[in-house]
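# Coordinate inspection notes
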Amino acid sequence: GERQSCVPVPQVQGTGGSSAVSKCSAAAQGYIQDRFLRLLAGQRRRRAPLVHRGYYVRARAVDHCVHDFLLRTQGCPRAQILSLGAGFDSLYFRLKDLGLLHRTVVYEVDFPDVACRKAALIGRTRELSALVGDSGEEGSGLIAFAGEDYKLLGADLEELRELERALEEAGLEPGVPTLLIAEVVLTYMDSSRSDAVIRWAAERFPRACFLLYEQMRPQDPFGRVMQQHFSQLNSALRSLAQYPDGEAQRRRFLAKGWTECSVMDMNEFLTCCTPQDEQQRVQALESFDEYEEWHLKCAHYFVLAASRGMEPSWTPLLPTVTAPQDRPVGPAGTIPAAACALGSGSSGLRRYGHRCVLIKPRVILTTGGFGEQEGRHGRMSRVHVLIKDAGHWRAGCLREGHPEKSWDPRLYHTVSRVSNTLALVVGGRTSPSSPGLGMLWLKFPETWNASDPADVTVEPASVQPAAQPAALRWRHTATEVILQGEKYLFVFGGRSAVEPVLGDWWFLRMDGLSRAAIPVDGLAPEPRHSHSACGWEGGVLIAGGLGAAEQPLGSVFLLRELGRSFQWQTVETHPPLVPRYSHTAHVHEGKLLLVGGVWLRSPSVPGVAVIDVLTGLCLDYAVDTEQLEWPLMLHNHSSVFLPEEKELLVIGGGGNCFSFGTHLNPEPVSLSLGSILCSH
C-alpha cells in the first residue's frame, strides 16, 4: 500500500490509507518513533514483520534526508518544506514536536477531498491542533488548513497552474531554500506529467532540494510481480517503463534542470547510511525469517536526492560506509530454461522453503516447505515424488503408511539420502519464533512402480538421537563426509529461534546418529545460514550464505579430509564470487555449480555460477527464461542434478513478495548445462 498521490484515480487515493495503517503498525512495534501516526491513521491493524521493515526503511530514508536539509539551512532566515501528495503523513507534527521548525514552514499538497478530510481530523484532534497553534484553523478556497508554520492545500499535481495559485495564496516564497518531497507519488502519473512537475520545481525555486522515493527495476521476476500488483489495484506504476532504474532517474533530474543528483537503492541506503547499532536494534524487534523478500523489496525501491543553487551543495546520500563494489562482470554466457509440463501433477510442487533429494536414479522426493495444498496456501504436509520414465517426468504424492504418524510440516530443513529405502530429515521450523524441529527417518519400499507414483508409501519414524541439539536449527546444511572409510553426516551453520546465525558443526555417525569427536584444523568459515554445501572427495564445499549482519557472503570453503582429521581451507575465487545466499549447489567433475540465490548490488538476478575448485576460476551465467510464460524466481527453490543428462532440475521456489502477493514457480524448470560444462 502506498501513500496518497495527486492523480484523479480513486484507487490511487486509497493507497494512502493503507500506507498510513502500515506505518502506524510499524510504529506500534517500535520500528519508528512516531506518536502521531495513530491519530492520523484512523483504523489500526497489525501488519507482518516484512511490511514493518519495508515501511521502516522508507521512513528512515525520508527522515535522514529531511534532517540533513534542516541542518543545512539552520543559518538561513527562512526555509520551506513542500510535501507533494502528502496524504495523512505525520512529518509536520513530528518535526514540530522535536522543536526543529524554528524558521521552517511546512506546506502539504494533496487532492482537495484528501486535504479536507485531513483538515477536519486535525481540527477535531486536540493533540494535533495544539501543535499547529492558536492561529491554526480550517481555511478557505484552496487552503484546507492553515497555521503559522503549517499550510495544507487541496490541489491536483497534474494542474500546475492550480498548484501555483494555491502555493501563492498560502504565502510560499520561491526565493527561500525549499525541500520538495515526493514519496511514492510521481510514479502514479504519466511520465510526461511527472517530468513537468520535476522541471517546474527546478524553474520555480532557485535554491531547492528534491527528495524522491519510489519503485524501480520492473523487468526482473520480483519487479514483474510488483507491477502486476499495482495494476490490479488500478494504480499502475507509470514512470517505470521510461525510468526503470536509478541511473535513468538520475539522468532524468539532471536533464530537467537539477544540477546535482544521487540515488541509492534501499539495500545500499541501509548498508551505507544506517549505523550498525540501529540496524541491530531493528533486526531484534520481531522474529523474522523472510530475508530473501526483504532484500528483494529493498532492491526495488530507491531514494533520490537532487539539488540546485544550494551553497554548499546538498548531498545527504554520501555513504558513511562504503558499499562493497561487487558488481558482477557481464555473464559469460546463457543457459536455456524450459518448463517441465506435468499437468495437474505439478501443483504439489508449487512451494518454497522445501527440500528435494534424489533417492535413487531418476526418482526425486520433495518434502516440506510452504505452498499450495488443496486450493489454499500453507505448510506442506505431503511428500511428493517425481519419477523419470521413458524420457518424461511423472508426478504424484506418496501415501503415508501410517497416517497417525504423519510428520510435522516444516520449512528450511534438510533431507539426506541414506539408502534407496531411507532418508534422514534434519531440523526445519514451523514459525520463526518456535524452536527448530528434530530429526525424522523417512522409510520407503524396495520397489517403486514408475508408472503410478501414488502407489508408493512413505513411513515417517521419529528419531531420539543423542545429538538432538544438532537438529534444533533451520537454513543449515547436512552433507555426507567420509573419514577412514566411515560415513558421517556433517551438519553446519543455520539459525535457531535464539541465535540469528550459527557457526557450529556436528559430525553424526550414520548408524546411531550420535556425535563423533573429529578434530578440525584451519580457519573456520564465519557463522552463516542459507549457504550451500556439497560433498566432494570425502569432504565438503561450503559457499555463500547470509552472515551475522544480514549481509550476503561471497566466501567458499573446503572442509578437506586429511587421513585422521579434517582441515578448513579457503577457495580463492577469481573474479571474486558475488556474495549470495538462498542458492542451491552441485559438484560435477571438479566444478562447483551455484544455482540462483539472492544478491544485493546488481541490476540482474543470479543465474548459475561455475567455480573450478582447483583453479578458483569463477564464471557467472545468465538463465535465459524467454521460453517461460511466468517469472522464474531462483531463490527458496530446491534443485537436483542429473549427471548423465547434464540436466539440472529446479523444483519450486518463490516467496511472499512484500505486500504484493505470494509468487510460487508454477512448474519445475529444466536447465540444460551441457554446453557450459563442456566449455570449461
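Starting from 1, residues in each chain are numbered consecutively following that chain's sequence as written. pLDDT decides what is reported in this predicted model: residues at 70 or higher carry local features, side-chain atom pairs at 80 or more are listed and counted, and totals for whole chains, interfaces and linings draw on all residues regardless. To obtain the side-chain values, all non-hydrogen atoms of the structure were used and water was disregarded.

Moving on, we get to the packing of helix α3 (residues 49-72) against helix α12 (residues 276-283). Between α3 and α12, the least distance of the axes is 12 Å, while the angle of their chain directions is 155 degrees. As judged from the angle between their axes, α3 and α12 are roughly antiparallel. Here α3 and α12 pass one another in a crossing that is right-handed. Contact residues: R53, Y56 and R60 in α3; E278, R281, V282 and Q283 in α12. When the residues that make up the contact of α3 with α12 are grouped by side-chain class, the tally is 2 nonpolar, 1 polar and 4 charged. Structural elements are reduced to axes, namely lines fitted to C-alpha atoms, with helices fitted over the stretch in contact, and the angle between N-to-C directions of any two is expressed from 0 to 180 degrees. Secondary structure elements are taken from DSSP: a helix is a run of H or I of four residues or more, a strand is a run of E of two residues or more, and numbering for both begins at the N terminus. Angles are sorted into four bins: roughly parallel if under 35 degrees, roughly antiparallel if over 145, roughly perpendicular if 65 to 115, and oblique for all others. Crossings are assigned a handedness: left-handed for a near helix turned anticlockwise from the far helix by less than a right angle, right-handed for a clockwise turn. By definition, residues are in contact when any of their heavy atoms lie within 4.5 Å. Only Asp, Glu, Lys and Arg are considered charged, only Ala, Val, Leu, Ile, Met, Phe, Trp, Tyr, Cys and Pro nonpolar, and every remaining residue, Gly among them, polar.

The next subject is the side chain of S22. Structurally, the position occupied by S22 is in helix α1 (residues 10-28). A polar side-chain atom of S22 sits 2.9 Å from a polar atom in the side chain of R47. Once residues lying within four places of it in the same chain are set aside, the contact partners of S22 are R47, V51, H52 and Y55. Any pair of N or O atoms that falls within 3.5 Å is considered a polar contact. Within protein, one atom must be able to donate a hydrogen and the other to accept it, and sequence-neighbouring residues count only if both atoms are side-chain atoms.

We place a 1 Å grid over just the protein atoms. Points where a 1.4 Å probe fits but has no way out form a cavity, open points with protein on both sides within 12 Å along at least 5 of 7 lines form a pocket, and any residue with an atom within 4 Å of a point lines it. Grid points are joined across faces, edges and corners, and a volume is the space filled by probe spheres set on the points. Counted according to the given criterion, the structure contains 4 cavities of 30 Å³ or more. Approximately 160 Å³ is the volume attributed to the largest cavity. Along the walls of the largest cavity sit 15 residues, with L270, Q279, Q283, W294 and E550 positioned nearest its centre. For the lining of the largest cavity, the class distribution of residues is 6 nonpolar, 7 polar and 2 charged.

This brings us to the sheet that holds strand β14 (residues 370-373). Reading across the sheet, the 3 strands line up as β11-β14-β15 and stay open at both edges, with antiparallel pairing between neighbours. Each having just a single partner strand, β11 (351-352) and β15 (376-379) make up the two edges of the open sheet. Here, strands pair whenever DSSP counts at least two bridges between them.

For the rest of this paragraph, the subject is the environment of P312. Tracing the backbone shows P312 in the loop between β9 (301-308) and β10 (334-339). Working definition: with a 1.4 Å probe on protein chains only, accessible area under 20% of the residue-type maximum means buried, over 50% means exposed, and in between means partly exposed. Exposure remark for P312: the relative accessible area of 53% places this residue in the exposed category. Taking the C-alpha atoms as reference points, P312 and R72, separated by 240 residues in sequence, lie 8.4 Å from one another.

Let us now look at the pairing of strand β28 (residues 532-536). By the criterion of burial, β28 is predominantly enclosed, with 4 of the 5 residues buried. Where β28 lies against strand β29 (residues 539-543), 5 bridges are found, and the strand directions are antiparallel. In the strand pairing of β29, C534 is matched with L541. Once β28 ends, the chain turns through 2 residues before running back antiparallel as β29, passing E537 with a positive phi of about 50 degrees.

As a further point, take unusual backbone geometry. Residue P312 follows E311 across a cis peptide bond; omega there is -10 degrees. At the junction of H574 and P575, the peptide bond is cis and its omega measures out at -10 degrees in the coordinates. Here P575 is to be found in the loop between β31 (565-570) and β32 (584-588). In the Ramachandran plot, S530 falls in the positive-phi region, its phi being about 55 degrees despite a non-glycine side chain. Along the chain, S530 falls in the loop between β27 (520-521) and β28. Residue classification places S530 among the buried positions, given a relative accessible area of 8%.

Right, let's get into the pattern of salt bridges. The term salt bridge refers to a pairing of a side-chain nitrogen on Lys or Arg with a carboxyl oxygen on Asp or Glu at a separation within 4 Å. Under the counting rule described, the total for this entry stands at 39 salt bridges. Residue D149 pairs with K96 through a salt bridge whose shortest N-O separation is 2.9 Å. With D149 in the loop between β4 (143-146) and β5 (150-154) and K96 in helix α4 (residues 91-97), this pair connects stretches of sequence that are 53 residues apart. One continuous salt-bridge network, built from bridges that share partners, spans D289, E292, R429, R475 and R495.

Now for the packing of aromatic side chains. Here a Phe, Tyr or Trp ring, Trp counted by its six-membered ring, pairs with any other such ring whose centre lies within 6.5 Å, and the pair is stacked when the planes are under 30 degrees apart, edge-to-face when over 60, and tilted otherwise. As enumerated under the stated definition, the model contains 24 aromatic pairs in all. Here the aromatic rings of F490 and F507 are separated by 5.1 Å at their centres, their planes lie at 45 degrees, and the arrangement is tilted. Note that F490 is positioned in strand β24 (residues 486-492) and F507 in strand β25 (residues 505-509), a separation of 17 residues in sequence. Neither F490 nor F507 differs from the other in exposure class; each is buried. Joined through ring pairs, the aromatic side chains of F490, F492, W505, F507, F557, F566 and W568 make up one cluster. One Lys or Arg, K297, reaches over the ring of Y301 and ends 4.0 Å from the middle of that ring. Definition used: whenever NZ (Lys) or CZ (Arg) falls within 6 Å of the ring centre and also within 35 degrees of the ring normal, the charge is taken to sit over that ring.

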